Amino acid sequence: MENVAKYIIDDEIDKNCGEVESFTITNDELAEWAINKISQERAESQRFINVCETMILSYKEKIEKEKEKLQSKTSYLEGQLQTYFNGVEKKETKTQASYRLPSGTLKVKYKKKIEKDDAKLEHYLDHEFPHYIDIVETKKVCWGEFKKELKFVDGKCIDPYGEVLDFITETTEEEFVVEV
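Residues numbered from 1 in each chain as written. Predicted model: local features only at pLDDT ≥ 70, side-chain atom pairs only at ≥ 80, totals over all residues. Heavy atoms only, no water.

Visitor: How should I be thinking about the overall build of the protein in this particular structure?
Guide: Per the secondary structure count, the protein includes four helices and eight strands. The order of α-helices and β-strands along the protein, N terminus first, is α-α-β-β-β-α-β-β-α-β-β-β. Partitioning the contacts of the protein with sequence separation of at least 6, the portion at a separation of at least 24 is 44%. Of the roughly 14400 Å² that the protein leaves accessible, carbon and sulfur atoms contribute 51%. (Helix = DSSP H or I, 4+ residues; strand = E, 2+ residues; numbered from the N terminus. Contact = heavy atoms within 4.5 Å. Areas by Shrake-Rupley, 256 points an atom, 1.4 Å probe, with all protein chains shown as cover.)

Visitor: Sorry if this is basic, but what is going on with the pattern of salt bridges here?
Guide: Think of it this way: side chains of opposite charge can pair up when their charged atoms draw near. Taken as a whole and judged by the stated rule, the model has seven salt bridges. Notably, a salt bridge pairs Lys107 with Glu179, separated by 3.2 Å at the nearest N-O pair. One end of the pair, Lys107, is in strand β3 (residues 104-116); the other, Glu179, is in strand β8 (residues 164-179), and 72 residues separate them in sequence. Its relative accessible area of 32% is what places Glu179 among the partly exposed residues. Note that Glu173 and Lys113 form a salt bridge whose closest N and O atoms lie 3.9 Å from each other. Taken together, the positions of Glu173 in strand β8 and Lys113 in strand β3 put the pair 60 residues apart, joining distant regions of the chain. Note on Lys113: relative accessible area 40%, which makes it partly exposed. (Salt bridge = Lys/Arg side-chain N within 4 Å of Asp/Glu carboxyl O. Buried < 20%, exposed > 50% of the residue type's maximum accessible area, 1.4 Å probe, protein only.)

Visitor: What am I meant to see in the side chain of Glu170 here?
Guide: Residue position: Glu170 is located in strand β8. Buried within the structure, Glu170 lacks any salt-bridge partner; Lys112 is the closest side chain of opposite charge, at an N-O distance of 4.3 Å. (Lys, Arg positive; Asp, Glu negative; His and termini not counted.)

Visitor: Looking at this structure, I do not really get the pairing of strand β2 (residues 96-101). What am I missing?
Guide: Two elements, strand β1 (residues 91-92) and β2, share two bridges in a ladder whose sense is antiparallel. Residue pairing in the sheet places Lys91 in a bridge with Ser98 of β2. What sits between the antiparallel neighbours β1 and β2 is a turn of three residues. Inspection of the sheet shows β2 paired to β3 by six bridges, in the antiparallel sense. Within β3, the residue paired with Gln96 across the bridge is Lys109. In this structure, the hairpin formed by β2 and β3 is closed by a connection of two residues. (Pairing = 2+ DSSP bridges.)

Visitor: Help me understand helix α3 (residues 118-128) in this model?
Guide: One turn of an α-helix holds 3.6 residues; hence residues three or four places apart share an orientation. Those residues of α3 lying buried are Leu121, Tyr124 and Leu125. The buried residues of α3 occupy one face: seen down the axis, they fall within an arc of 95°. In α3, the exposed positions that point more than 90 degrees away from the buried face belong to Ala119, His123 and His127. Buried positions along α3 lie against β3, β4 (133-135), β5 (139-141), α4 (143-147) and β8. (Arc of directions from axis to C-beta.)

Visitor: Can you help me understand the pairing of β8 in this one?
Guide: Moving residue by residue along a regular strand, the side chains alternate between the two faces of the sheet. In this structure, β3 lies alongside β8, joined through twelve bridges in antiparallel fashion. Opposite Lys107, over in β8, you have Val177 as the bridge partner. Note that strand β7 (residues 156-158) and β8 share three bridges and pair antiparallel. Residue pairing in the sheet places Cys157 in a bridge with Leu165 of β8. Connecting β7 to the next strand, β8, in antiparallel fashion are five residues, including Gly162 with a positive phi near 90°.

Visitor: Teacher, can you tell me more about unusual backbone geometry here?
Guide: Negative phi values dominate among residues other than glycine, just as trans dominates among peptide bonds. At Asp154, a position not held by glycine, the phi torsion is positive, near 50°. Assignment of secondary structure puts Asp154 in the loop between β6 (151-153) and β7. Using a relative accessible area of 77% as the deciding quantity, one classes Asp154 as exposed.

This is the structure in structure tokens:
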């Protein structure tokens, strides 16, 4: 009779997502059955998870191969388009240059990159603009606020007094993009 009850409980657990209202563990056999049931459910769930993770790895490998294949097939043409782009009159703004065609747009995006010597910057601000230094437990440069006061000309940094700061430089990186 107890085996029949176990099968009925199994069916009820499956139907009700693991919950059975009228089931109570009342002896060692039912407790042992419950432990075995938990072990079986965990094993089945782990098997399922392992299969999914294997498939994810397989798909990630396929994605990487496809990206490499795409890069291989398009890099030559993108290079030719970039050479063509360099020879035409294009629309330019502070952040990019672009050339429109019926099927897409050729662009070069300009990214500003500022390099600074933090120790020299801290020393400079400590003497010239101490309000840009936060002292919590140690001194901290308020770079974001101070940067707003700076001007950059030909990669050189100029402070609010017109002094050139040789420990801060600006470079521009370009990224060629073909938008389709």
